[in-house]
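# Structure at a glance
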Amino acid sequence: MIMERRVIVFPRADFLDAMRRYGEANGKPMPDTPPLALSFDPAQDVALTVTFPAVRGGVETRFAFSREDVGQALGNHCRLHKIPLPKEVAKQVEKFKDGAALSIQIGTAGLHIMIIDDQEVMRNIIKKLLTKANPAQITEARNGIEALEMLRSGEIFPDVILCDLHMDKMDGGQFLQELRSDKANVNCKKPVLILTGDKNEQAHELTRQVGASKVLTKPISAEDLIKQIMLVQGYFELNK
């Protein structure tokens, strides 16, 4: 169980200030004017996109930042303003209203991970890879149809979903389309990592467009898989 949870809230103005300072230090200087739009979803690989209006007949300017970028920017902002951040504890980036929040957790029971794959041997391999993450619960489904039924039942609430791309009955892309469009399903926005041996980048891009948080190519090491799971959950390492 979580022993302690502390949340540092960054209203929109502070969030933008943190990202501007980070951008200036990392070759992405943003205009010192109000943005046209700010799109923030920590579950996605590109977590933040800031769009500025066109100037003098030009085109709109967009700046994209990863989850790790946002985490580093918020951490830097805390240090700049002398807000203490405990070391060696889990730090998670979250969306908060029209800004962001930094959640600091000390002690946790582990994640609930759902594995969707039509091959039992592959599900067993993934479970073995997850051993070091010490998940609190693992739920298995043999295809997208079975997974959707479970996710709609109201009985399971995974933190992260790991899904194969090519499966019988319903593949990973179809599963994602059904899940993301089912707004009545409380699990419809859960992070989904697609695992595939298919190295076709066009297939990867199509899968990202229908809602994959990240497409990972098999084989993958336990360390890389666990890192990606933590990233789609919004966790990051400061100044690694």
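Parameters at a glance
Residue positions within a chain follow its written sequence, with the count starting from 1. Only residues with pLDDT of at least 70 get local features here, since the model is predicted, and only at 80 or more are side-chain atom pairs given and counted; chain-wide, interface and lining totals rely on the full set of residues. Side-chain numbers here rest on the full set of heavy atoms in the structure, without hydrogens or water. In this text, helices come from DSSP runs of H or I with a minimum length of four residues, and strands from runs of E with a minimum of two, each type numbered from the N-terminal end. When we talk radius of gyration, it's over C-alpha atoms, and the globule rule is simply 2.2 Å times the number of residues to the 0.38. Only protein chains enter the accessibility calculation, which uses a 1.4 Å probe; a residue is then buried when its area is under 20% of its type maximum, exposed when over 50%, and partly exposed in between. In what follows, residue pairs with any heavy atoms lying within 4.5 Å of each other are defined as contacts. Shrake-Rupley sampling with a 1.4 Å probe provides the accessible areas, and residues are treated as covered by the protein chains on show and by no other component. Think of it this way: Lys and Arg go in the positive column, Asp and Glu in the negative one, and His and the chain ends go nowhere. Here the site of a charge means atom NZ of a Lys, CZ of an Arg, CG of an Asp or CD of a Glu. Paired strands are those between which DSSP finds at least two bridges. Only C-alpha atoms enter the line fits that serve as axes; for helices the fit covers just the stretch in contact. Angles between N-to-C directions range over 0 to 180 degrees. Grid points spaced at 1 Å and placed over the protein atoms alone form the basis of the search, with a cavity being a set where a 1.4 Å probe fits but cannot get out and a pocket an open set showing protein on both sides within 12 Å along at least five of seven lines. Lining residues have an atom within 4 Å of a point. Grid points are joined across faces, edges and corners, and a volume is the space filled by probe spheres set on the points. Amino acid classes used here: Ala, Val, Leu, Ile, Met, Phe, Trp, Tyr, Cys and Pro are nonpolar; Asp, Glu, Lys and Arg are charged; the rest, including Gly, are polar. The definition of a nonpolar core used throughout is a set of buried Ala, Val, Leu, Ile, Met, Phe, Trp, Tyr and Cys residues joined through side-chain atoms within 4.5 Å. The handedness of a crossover follows from its direction of travel: if, with the strands pointing away from the viewer, the path from the first strand over the helix to the second runs clockwise, the crossover is right-handed.

## Focus on the overall build of the chain
- Helices and strands together make up the secondary structure of the chain, namely seven helices and 11 strands.
- The C-alpha radius of gyration computed for the chain amounts to 19 Å, which stays within 12% of the reference 18 Å derived for 240 residues, consistent with globular compactness.
- For the C-alpha atoms alone, the extent of the chain along its principal axes is close to 55 × 50 × 35 Å.
- Scored against the burial criterion, the 240 residues of the chain give a buried share of 47%.
- Within the chain, contacts between residues at least 6 apart in sequence are counted, and of these 63% link residues at least 24 apart.
- Total accessible area on the chain is roughly 12,800 Å²; 52% of this is exposed by carbon and sulfur atoms.
- Positive and negative side-chain charges of the chain, numbering 32 and 32 respectively, have mean locations separated by a distance of 5 Å.

## Remarks on the environment of Leu151
- When you line up the elements, Leu151 lands in helix H4 (residues 144-152).
- A C-alpha to C-alpha distance of 8.7 Å links Leu151 and Leu179, two positions 28 residues apart in sequence.

## Some points on the sheet that holds strand S7 (residues 112-116)
- If you trace the five strands from one edge of the open sheet to the other, you get S8-S7-S9-S10-S11, paired in parallel fashion. A single partner strand is all that each edge strand has here, and the edge strands are strand S8 (137-141) and strand S11 (214-217). The mean angle between the axes of side-by-side strands here comes to 20°, regardless of whether they run parallel or antiparallel.
- With four bridges joining them, strand S10 (residues 192-196) and S11 adopt parallel strand pairing. Considered in S11, the bridge of Leu193 is made with Lys214.

## Notes on the layout of surface pockets
- One number sums up the size of the second largest pocket: a volume of about 380 Å³.
- Top element by residues in the lining of the second largest pocket is strand S5 (residues 90-96). It accounts for four residues.
- Here the lining of the second largest pocket is built from residues that sort into nine nonpolar, four polar and six charged.

## So, the side chain of His204
- Note on placement: His204 falls in helix H6 (residues 201-209).
- Here His204 falls in the buried class, since its relative accessible area comes to 5%.
- Among residues more than four places away in sequence, those in contact with His204 are Thr196, Asp198, Lys199, Val215 and Thr217.

## Observations regarding the pairing of strand S9 (residues 160-164)
- Counting buried residues along S9, five of its five residues qualify, which places the element largely inside the surrounding structure.
- Here S9 shows a buried face lined by Val160, Leu162 and Asp164 and a second buried face lined by Ile161 and Cys163.
- As paired elements, S7 and S9 share four bridges and run parallel to each other. Bridge pairing in S9 links Ile115 to Leu162.
- Bridge analysis of S9 against S10 gives four bridges, and the strand direction is parallel.

## Comments concerning the sheet that holds strand S3 (residues 46-52)
- On the basis of which strands lie adjacent, the open sheet formed by three strands has the order S2-S3-S4 and antiparallel pairing. At either margin of the open sheet sits one strand with a lone partner, and together these are strand S2 (37-40) and strand S4 (61-66). For this sheet, the mean angle separating the axes of adjacent strands, direction not counted, is 10°.
- Bridging between S2 and S3 involves four bridges; their strand directions are antiparallel.

## Quick look at the nonpolar core
- Counting 25 residues, the largest nonpolar core has Phe15, Met19, Phe40, Leu48, Phe65, Val70 and Leu74 as its most contacted members.
- Ranked by residue count, the leading element in this core is helix H1 (residues 12-25), at five residues.
- Not counting the four nearest positions on each side in its chain, Leu74 is found in contact with Phe10, Phe15, Ala18, Val93, Ala100 and Ala101.
- Listed in part, the 19 residues of the second largest apolar core include Ala141, Ile156, Leu179 and Val192.

## Examining the pairing of S7
- Within S7, five of the five residues are buried, which leaves the element mostly enclosed by the surrounding structure.
- Side chains His112, Met114 and Ile116 project from S7 onto one buried face, and the interleaved Ile113 and Ile115 project onto a second face that is buried too.
- Strand direction decides the pairing type here: S7 and S8, joined by five bridges, are parallel. Bridge assignment links Ile116 to a residue of S8, and that residue is Ala141.
- For the crossover from S7 across helix H3 (residues 120-129) to S8, the handedness is right-handed.

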